[in-house]
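# Report on the structure
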Amino acid sequence: MAKSFLLQPRKVPKVSTKHRTICTEIPVPESLEVVKQLRQYEPKSMTGQPLVIWDHGKGDKVYDKYGNKWIDFSSGVLVTNSGHGNEKIKKAIIEMVNSDLMHNYCFPTEVRADLVKKLVEISPKPLEKVFLLTTGSEACECAIKLSRTYGQKVGGTKKIKIITFIDDFHGRTMGSQMAGGSKAAKEWIINVDKDMNQVPFPNAYKYEWADESRDDYSDDNCFNTWMTYLEEQKITPDQIAAFMPETFQGGWAQLMPKGFVKRLRQFCDDNDILLVFDEVQAGFGRSGKLYSFLHYDVSADVVCLGKGISSSLPLSAVIGRADVMDLYGPNKMTSTHTGNPVCCAAALANIDFIFENKLIEKSAMLGKICEANLTTLKQKYSEYIGNVKGSGLVWAMIFTKKNSKEIDCDLAHDIVRLSIEKGLLFFAPVGAGSTIKVTPPLVISEEALLEGLEVLEEAIEEAIVLRK
Ligand SMILES: Cc1ncc(COP(=O)(O)O)c(C=O)c1O
């Protein structure tokens, strides 16, 4: 179980490097009033993050107002791909605000026209129409609605199943949570939709048949074994409207075997099933490609986008085949804040910034450094690190009890706490509470990345000593 961070300030060694400053107790005693105010007026569910009171951010750094500075390995939560306080995005936002256009519902605007055109231009075929929304959960809900509507159109009321994957996360609204792969997260729903079904994500850590490093691995066996999970649930292709995997699962940062996805694509083509990728966290250069599904060399019918689409303001999108996106007539698929002009301006500037600064290539290049360093850490602390996987600038490390596959949430929590005390910012462990994610803004310098990885190692070392 994930736990809250304590309001108890700790005296910690001072840190002063080019990239980090820690000059107070952590959490900062004077900041606790703010935390207490939040804890009084917000639900308990909001108390999970480390007690760093963000004052401002710049590039790959986050600052509080008490003189402390962190190297950011969180990007908020994989949002600020183009860096915090990005000047180009700021300028676009300010210009739009100064133009006095801050809202327009679904009335046409130039900035929305420019953004949807840009999104289609940068996306591979057959993605040719875009619907803008606000959150990732909404984008997933919309993809589910479109998929079910499409299924019924081509296969009648029987073809409505949305197949998602165990451990997937698609958001916290009702439909997106039903699509999610955590049983515990759905307990409150009780009458979960029987036509939203989960099958295993081909995860090498969990399933030998999905482990490409094994001598006996084969794509055919991987796909055929995976199919048995559908058969066990007596699901037939004529019932399936769509498969909607997270392109890589947030808690694992592990891509599926490419050969598996190619077979899945073929299966979708053979049975008129949509292949929908949830790229809310995986998109916009995060894994070293514009979209992570491009690692698989397949086409997508629908893709959900969010987070890094703007590197800042709340915006999400569904991009898909025209015949799917056009299933609803005028005013039947809209939202109050669809394509808010300020958010659109931010997203346009962000996408331009990503391409102008070759952030996708940079993410792929820095990913090699992460791979080398984190693999070394896994070898050095093999008794406690169960799995390290990632690509580009998204990496996940799973911490376990000594020499076991049983996860250790306390160890992961301590590592995050110690890192923060040393000037390295992570969000709280994710997944089942024992996964630490390394997800810095894509603008991070090699020097800051390497320094952050060194700090992470120190924190792991110290946290393990605390365990003994
Ligand atoms: C893959 C994925 N899908 C959907 C969501 C939900 O997005 P939001 O929190 O913006 O609703 C998230 C958020 O973490 C996500 O990682």
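Just so we're clear, the structure is a prediction, and the values are computed from it rather than from any experiment.

Moving on, we get to the overall build of the protein chain. Broken down by element type, the protein chain carries 13 helices and 16 strands. A compact globule built from 468 residues should have a C-alpha radius of gyration of about 23 Å, and the protein chain, at 22 Å, falls within 12% of that. Taken over the C-alpha atoms alone, the protein chain extends approximately 65 × 60 × 40 Å along its principal axes. Taking all 468 residues of the protein chain together, the buried fraction comes to 51%. Nonlocal contacts in the protein chain, meaning residues at least 24 apart in sequence, comprise 73% of its contacts between residues at least 6 apart.

Domain annotation of the protein chain identifies domain 1 (15–82 + 359–467) and domain 2 (87–356). Computed from C-alpha atoms alone, the centre-to-centre distance between domain 1 and domain 2 is 27 Å. Put simply, the parts of the chain that give the side of domain 1 that touches domain 2 at least two residues each are helix H11 (359–380), strand S13 (385–391), strand S14 (394–399) and strand S16 (435–438). The element that contributes the greatest number of residues to the side of domain 1 that touches domain 2 is H11, accounting for five residues. Of the residues assigned to the side of domain 1 that touches domain 2, the class counts are 11 nonpolar, 11 polar and two charged.

Taken in spatial order, the three strands make up an open sheet running S13-S14-S16, and their pairing is antiparallel. Because the sheet does not close on itself, it has two edges, and the strands there are S13 and S16. The mean angle between the axes of side-by-side strands here comes to 15°, regardless of whether they run parallel or antiparallel. With six bridges connecting them, S13 and S14 associate as antiparallel partners. Counted as the bridge partner of Asn-387 is Ile-398 from S14. Here H11 sits on the sheet in contact with S13, S14 and S16, set at roughly 175° to S13. Those strands touched by helix H12 (residues 409–421) are S14 and S16, and its axis lies near 35° from that of S16.

Cut-offs and rules
- All residue numbers here refer to positions counted from 1 along the written sequence of the relevant chain.
- A pLDDT threshold of at least 70 governs which residues receive local features in this predicted model, and a stricter bar of 80 or more applies before side-chain atom pairs are shown or counted, although totals over entire chains, interfaces and linings include all residues.
- We count a stretch as a helix when DSSP gives it H or I for four or more residues in a row; a strand needs E for two or more, and each element gets its number in order from the N terminus.
- In this setup the radius of gyration rests on C-alpha atoms only. A globule is expected at 2.2 Å times the number of residues raised to 0.38.
- For the exposure call, what matters is how many other C-beta atoms sit within 10 Å of a residue's own: 20 or more marks it buried, 12 or fewer exposed, and in between partly exposed, using C-beta atoms placed from the backbone.
- Throughout, a pair of residues is in contact if the C-beta atoms placed from their backbones lie within 7 Å.
- The split of the chain into domains comes from an automatic or database domain assignment.
- All amino acids are sorted into three groups, where Ala, Val, Leu, Ile, Met, Phe, Trp, Tyr, Cys and Pro are nonpolar, Asp, Glu, Lys and Arg are charged, and the leftover types, Gly among them, are polar.
- What makes two strands pair is DSSP finding at least two bridges between them.
- Structural elements are reduced to axes, namely lines fitted to C-alpha atoms, with helices fitted over the stretch in contact, and the angle between N-to-C directions of any two is expressed from 0 to 180 degrees.

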